[in-house]
Structure formats: structure tokens, C-alpha cells
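Topology and contacts: notes
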Amino acid sequence: MKGLLIETKLFEGKVQEDEGGRTIVKGILQRAGAENQNGRIYPKPILMREAKKYETLIKERRALGELDHPDSSVVNLQNTSHNITEMHFNGDDLIGTVEVLGTPSGNILKELFKSGIKLGISSRGLGSVESINDGSQEVQNDFELIAFDFVSNPSTHGAFLSPVNESVDLSSGYEQRPDCGIWCKTEQLIHDIITEK
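Now for a look at the structure at hand. (Residues numbered from 1 in each chain as written. Predicted model: local features only at pLDDT ≥ 70, side-chain atom pairs only at ≥ 80, totals over all residues. Heavy atoms only, no water.)

1. Some points on the side chain of Ser-105
- Structurally, Ser-105 can be placed in helix H2 (residues 104-114).
- Of note is the side chain of Ser-105, whose polar atom sits 3.5 Å from the backbone oxygen of Asn-79.
- Residues within four places of Ser-105 in sequence aside, it is in contact with Leu-67, Asn-79, Thr-80 and Ser-81. (Helix = DSSP H or I, 4+ residues; strand = E, 2+ residues; numbered from the N terminus. Polar contact = N/O pair within 3.5 Å; in protein donor to acceptor, adjacent residues only side chain to side chain. Contact = heavy atoms within 4.5 Å.)

2. Regarding unusual backbone geometry
- Phi at Arg-61 takes a positive value of approximately 55°, unusual for a residue other than glycine.
- Its location among the elements puts Arg-61 in the loop between helix H1 (44-59) and strand E5 (64-66).

3. Structural notes on the sheet that holds strand E4 (residues 40-41)
- With mixed pairing, 3 strands are arranged side by side in an open sheet as E4-E10-E9. If you trace the sheet from one side to the other, it starts and ends with E4 and strand E9 (129-131), each paired once.
- Pairing between E9 and strand E10 (residues 137-139): 3 bridges, direction antiparallel. Bridge pairing in E10 links Val-129 to Val-139. (Pairing = 2+ DSSP bridges.)

4. With respect to the pattern of salt bridges
- Evaluation of the coordinates by the stated rule reveals 10 salt bridges.
- For Lys-44, the salt bridge is made with Asp-92, and the minimal N-O distance between the two is 3.6 Å. Highlighted residues: Lys-44 in helix H1 and Asp-92 in the loop between strand E6 (80-90) and strand E7 (93-100), separated in sequence by 48 residues.
- Residue class for Asp-92 comes out partly exposed when judged on its relative accessible area of 40%.
- Notably, a salt bridge pairs Arg-62 with Glu-60, separated by 2.7 Å at the nearest N-O pair.
- The class of Arg-62 is partly exposed, set by a relative accessible area of 48%.
- Overall, Glu-60 belongs to the partly exposed group, its relative accessible area being 44%.
- Counted as one network, the salt bridges with shared partners bring together Arg-22, Arg-61 and Glu-99. (Salt bridge = Lys/Arg side-chain N within 4 Å of Asp/Glu carboxyl O. Buried < 20%, exposed > 50% of the residue type's maximum accessible area, 1.4 Å probe, protein only.)

5. Regarding the packing of aromatic side chains
- Here the structure, examined in full by the defined rule, presents 3 aromatic pairs.
- When the centroid spacing of 5.2 Å and the interplanar angle of 80° are considered together, the rings of Tyr-42 and Phe-143 count as edge-to-face. With Tyr-42 in the loop between E4 and H1 and Phe-143 in the loop between E10 and strand E11 (144-151), this residue pair connects regions lying 101 residues apart in the sequence.
- Residue classification places Tyr-42 among the buried positions, given a relative accessible area of 1%.
- Both rings, one in Tyr-54 and one in Phe-148, keep their centres 5.8 Å apart while their planes meet at 90°; by these two values the pair is edge-to-face. With Tyr-54 in helix H1 and Phe-148 in strand E11, this pair connects stretches of sequence that are 94 residues apart.
- For Phe-148, a relative accessible area of 1% puts it in the buried group. (Phe/Tyr/Trp six-rings, centres within 6.5 Å; stacked < 30°, edge-to-face > 60°.)

Take a look at the structure:
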């Protein structure tokens, strides 16, 4: 039976600003042939087929995703935060370039990146799974990729993003950023509280 399949991984990559001031994120979107935290394995031929089909949406600038996962197979435009602008395989890793949009959800996403928050990237699709010998589940040939969403909890290992900005090194602390005054100090305090161990 075909159902909604949601797979999340930490999104490790780079955050940068382009010449137009847009926030661009690059990193691993999905991994083929490896069991994720949901116990599912995506065979590479299926993932390659879906990535190739997804290229049409990328070319038409309609490869939109949401901030947090909805329980729907439809991308809700009022919740979109980003657009995939390019993706390709590097071995078993599906690598992507993502433009963060100036929408309300996109602005939240941008601020999370600026604050150094690690996020997950999550694929959303429709398909069925079949149990295999070791207790894992293999995604079947009827899988259809819908979108990639940013979420807080990943299921694919190594799918977090570590923010790095070409013009401003966020790892050195907000107090060294003269361009945003008290707001950066506030963000730094919140970041320190959240990450305090």
C-alpha cells in the first residue's frame, strides 16, 4: 500500500550569501543505499530516477519546500521557505543547492541559520516499503519524490547543516558583527542558552 514517506537527515553544508543578498545553502539532501533512522533504505536507481524527474521542477523554479513537515503530499505555498536550485549525485549522496526565500517561513529559516542552529533536511514522498532480511525496510519502485523540507529532527545520518557565511564568520560570535547591533547580541544570548550543556 502506497503511503506518505518522510525521511529526515542532518543537513551538513555551507550557508552563504550571493551577490543579490540571497541566502544560499548547499549540502546533502538524501543518501542512497544507507539505512536511515527510520529503518528505511532508498535504492540508488529509484533515488536517481526521482532526482531526474525532480529536475523539471528545478528548471521551472517550482522545487519548493516547507519549514517543518506537513502531513500532506501537497506543498502548501503559504508555508514555503526555500527552493531547490540544483542537485546532483556525488557517489551515493544526493547533493543540493537551496535558495532560502524571503517568505515568512523563509525568513525564520534564514534567522535559524544565522543563529547557528543545526537543522535537518527531510525528503517527502509517496510510496511503499518492503521488509528485508535484517529488519530494515526497502523503499519500492512506486516511490514518488514530492519535496525536501527543513526540520529540527533528522532521520538520515549526517544531514545537519553547519552555517558558514562567506562575508561574515558566524562561528566567531555575534559580538564581532557591527552590522546588526543589539539584535545580534540578543541572538547570541538565545543561542548560548539553547546550546548550553
